[in-house]
Amino acid sequence: MVHPAQGQTVQDLAAGDLAAPPSRYVLRENKNRLTTPELAAIATIDVSRLTATATAADEEEAAKLRSALQSWGLFAVTGHGMPESFLDEILSATRNFFHLPPATKEKYSNVIAAAAAGGGEIDGETKYQNEGYGIDRIDTDEQILDWCDRLYLQVQPESNRQLEFWPPELRELLEEYTLRSEHVFRRLLAAVARNLGFNSEFFADKVGHNVSTYARFTYYPPCPQPELVYGLKPHTDNSVLTILLLDNRVGGLQILRDGRWLDIPVLTDGELLVIAGDEIEIMSNGVFMAPVHRVVTSERERISVVMFYQPEPEKVLAPSEELVGEDRPAMYKRIEAKEFGDGFWDAFAAGERTIDFLKVKVVEQQQQQQSEVAVSTSA
Ligand SMILES: O=C(O)CCC(=O)C(=O)O
Ligand SMILES: [Fe+2]
């Protein structure tokens, strides 16, 4: 059972002049920052140069994209056509939203029936819905909580928008950002397909033309002892690709590479970050891997605005047949995009990757069978 008081936002908690974070947030082992991580040397890709009729110079950009996806699974993006002033406006509006009085933000609460059910306490437990403002879902008393609050909204398809969760001061900006960042997503998806030798529409057809897009505005309050907590625990994204607009003042995003955590540098103003998600890993049969990443906090507040591009719910996620062969067996089982998406939150609360939590990866089983065969033949 989860104590209802756990539904308190981190921002309210942090405003209470704490000497140390409460134990629910404190990591059991020091998994966080014993040493100062190195900076990740990530590539910057000019998306305006990712075209189907590429010149030799543009081919270089496409090659850079492939190498970035295969090495890091993440890269910075320029040439997206959005003015720096527009991105700044989104960041400022996001900061302003989180600085509104608690009672104003409560109107968008992700606690189910906050008003009707007396703070959302149902059968002694706090119930959360995905969309809205608050903390991420708590499933168990053992769960170590992340040092962040968020506003989570479905932005596409438009017919699925639950506008009662949309703060008026973010609405127009989000509408425009949704259109513009989908353009970037589509361009990248086409380039990723061409990179693997397919036509531009190859992945677009698989994910559908009516993608499910979610926006996550995250606020990481200043933390009195940042080394004890996660801003956001290690995870991979539930997305084909994720487009991130990051705080241009404070870093904190880290990526796991070869067993070590590396800092993603604060981006140059006007740049976006792109991360490969679980769905592209499955569809590419592991040619492109979703990188494990996390956020560490500091004594300074930090914000991010993240767009997750997911396939239409009824689409089936599976390794593309063209990428499966004798030398590369299918590494993932087929799974409906909706089932995969629903599993994400269970997995996230449990601190696991959805791919592992839902047992979508099959390669280990095959390897296990092979090693069993090896053992029985050598015996
Ligand atoms: O805030 C960030 O920098 C990254 C957030 C993130 O990884 C996510 O929302 O999935
Ligand atoms: Fe993420």
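Residues numbered from 1 in each chain as written. Chains lettered and ligands numbered in written order. Predicted model: local features only at pLDDT ≥ 70, side-chain atom pairs only at ≥ 80, totals over all residues. Heavy atoms only, no water.

A separate point is the pattern of salt bridges. Scanning all chains against the criterion turns up 16 salt bridges. Residue Arg137 is joined to Asp139 by a salt bridge in which the shortest nitrogen-to-oxygen separation is 2.7 Å. Residue classification places Asp139 among the partly exposed residues on the basis of a relative accessible area of 34%. Close ionic contact of Arg353 with Glu281 constitutes a salt bridge, the shortest N to O distance being 3.0 Å. (Salt bridge = Lys/Arg side-chain N within 4 Å of Asp/Glu carboxyl O. Buried < 20%, exposed > 50% of the residue type's maximum accessible area, 1.4 Å probe, protein only.)

Turning our eyes to something else, we now look at the UniProt feature "domain: Fe2OG dioxygenase" (unreviewed entry) in the protein chain. As recorded in UniProt, the sites labelled "domain: Fe2OG dioxygenase" (unreviewed entry) are residues 211–311. Across residues 211–311, helical content stands at 6% and strand content at 45%; the span's end C-alpha atoms are separated by 5 Å. (UniProt positions renumbered as here; feature names shortened; annotations may be inferred. Helix = DSSP H or I, 4+ residues; strand = E, 2+ residues; numbered from the N terminus.)

Let us look at the environment of Lys107. The topology assignment puts Lys107 in the loop between helix H4 (102–105) and strand E3 (121–122). Look at Lys107 and you get exposed, because its relative accessible area is 59%. Here the alpha-carbon distance between Lys107 and Asp141, two residues 34 residues apart in the chain, equals 26 Å.

With antiparallel pairing, the 4 strands of this open sheet are ordered in space as E8-E13-E10-E11. Strands with a single pairing partner mark the edges of an open sheet, and in this sheet they are strand E8 (232–235) and strand E11 (260–263). The average undirected angle you get between the axes of adjacent strands in this sheet is 25°. (Pairing = 2+ DSSP bridges. Axes fitted to C-alpha atoms, helices over the stretch in contact; angles between N-to-C directions.)

Among the 13 residues in the neighbourhood of ligand 1, the closest are listed as Tyr220, His235, His293, Arg302 and Ser304. Here an oxygen atom of ligand 1 sits 2.7 Å away from a polar atom, N or O, in the side chain of Tyr220. Separating an oxygen atom of ligand 1 from a side-chain N or O atom of Arg302 is a distance of 2.8 Å. In this structure, ligand 1 is accommodated by the largest cavity. Going through the elements one at a time, strand E7 (212–220), E8, strand E9 (241–246), strand E13 (293–295) and strand E14 (302–310) are the ones with two or more residues in the shell around ligand 1. (Near = heavy atom within 4 Å. Polar contact = N/O pair within 3.5 Å; in protein donor to acceptor, adjacent residues only side chain to side chain. 1 Å grid on protein atoms, 1.4 Å probe; cavity = no way out; pocket = protein on both sides within 12 Å on 5 of 7 lines; lining within 4 Å. Sits in = over half its atoms within 2 Å of the grid points.)

Looking now at the environment of Gly251. Along the chain, Gly251 turns up in the loop between E9 and strand E10 (253–257). By relative accessible area, Gly251 is classed as partly exposed at 32%. C-alpha separation for the pair Gly251 and Val266, spaced 15 residues apart in sequence, amounts to 5.2 Å.

What follows covers the confidence of the model for the protein chain. Confidence in the prediction of the protein chain, expressed as mean pLDDT, is 90, and 89% of residues score 70 or more. Counting interchain partners and residues more than four positions distant, the pLDDT-below-50 stretch residues 1–5 has 15 contacts. A low-confidence stretch, residues 374–379 stays under pLDDT 50, and its non-local contacts, those more than four residues away or across chains, total 0 contacts. This prediction of the complex comes with two scores: 0.92 for pTM and 0.99 for ipTM. (pLDDT = per-residue confidence, 0-100. Contact = heavy atoms within 4.5 Å.)

Reference geometry at the metal: tetrahedral coordination by four donors gives ideal angles of 109.5 degrees; octahedral coordination by six donors gives 90 or 180 degrees. For the iron ion (ligand 2), every protein donor is listed as His235 (NE2), Asp237 (OD) and His293 (NE2), and the spread of their distances is 2.1 to 2.2 Å. Here the donor residues of the iron ion (ligand 2) share one chain and are spaced in sequence as H-x1-D-x55-H. Here the residue Asp237 occupies a position in the loop between E8 and E9, and His293 occupies one in strand E13, the gap between them amounting to 56 residues. Of the two residues, Asp237 and His293, both sit in the buried class. (Donors = N, O, S within 2.8 Å, 3.2 Å for Na, K, Ca; no water.)

For the structure on display, the rule yields 16 aromatic pairs. An angle of 10° between the planes, with centres 4.3 Å apart, marks the rings of Phe185 and Tyr309 as stacked. Residue Phe185 is found in helix H5 (residues 168–195), and its partner Tyr309 is found in strand E14; the two are separated by 124 residues along the sequence. Summarising the burial analysis for this pair, Phe185 and Tyr309 share the class buried. Residues Phe198 and Phe203 carry aromatic rings whose centres are separated by 6.3 Å and whose planes lie at 90° to one another, so their mutual orientation is edge-to-face. Taken together, the aromatic side chains of Phe97, Phe98, Tyr108, Tyr133 and Tyr219 make up a single cluster linked through ring pairs. The cationic tip of Lys233 hangs over the ring face of Phe348; the distance from NZ or CZ to the ring centre is 4.1 Å. Its end group placed over the ring of Trp261, Arg294 keeps NZ or CZ at 4.0 Å from the ring centre. (Phe/Tyr/Trp six-rings, centres within 6.5 Å; stacked < 30°, edge-to-face > 60°. Lys NZ or Arg CZ within 6 Å of the ring centre and 35° of its normal.)

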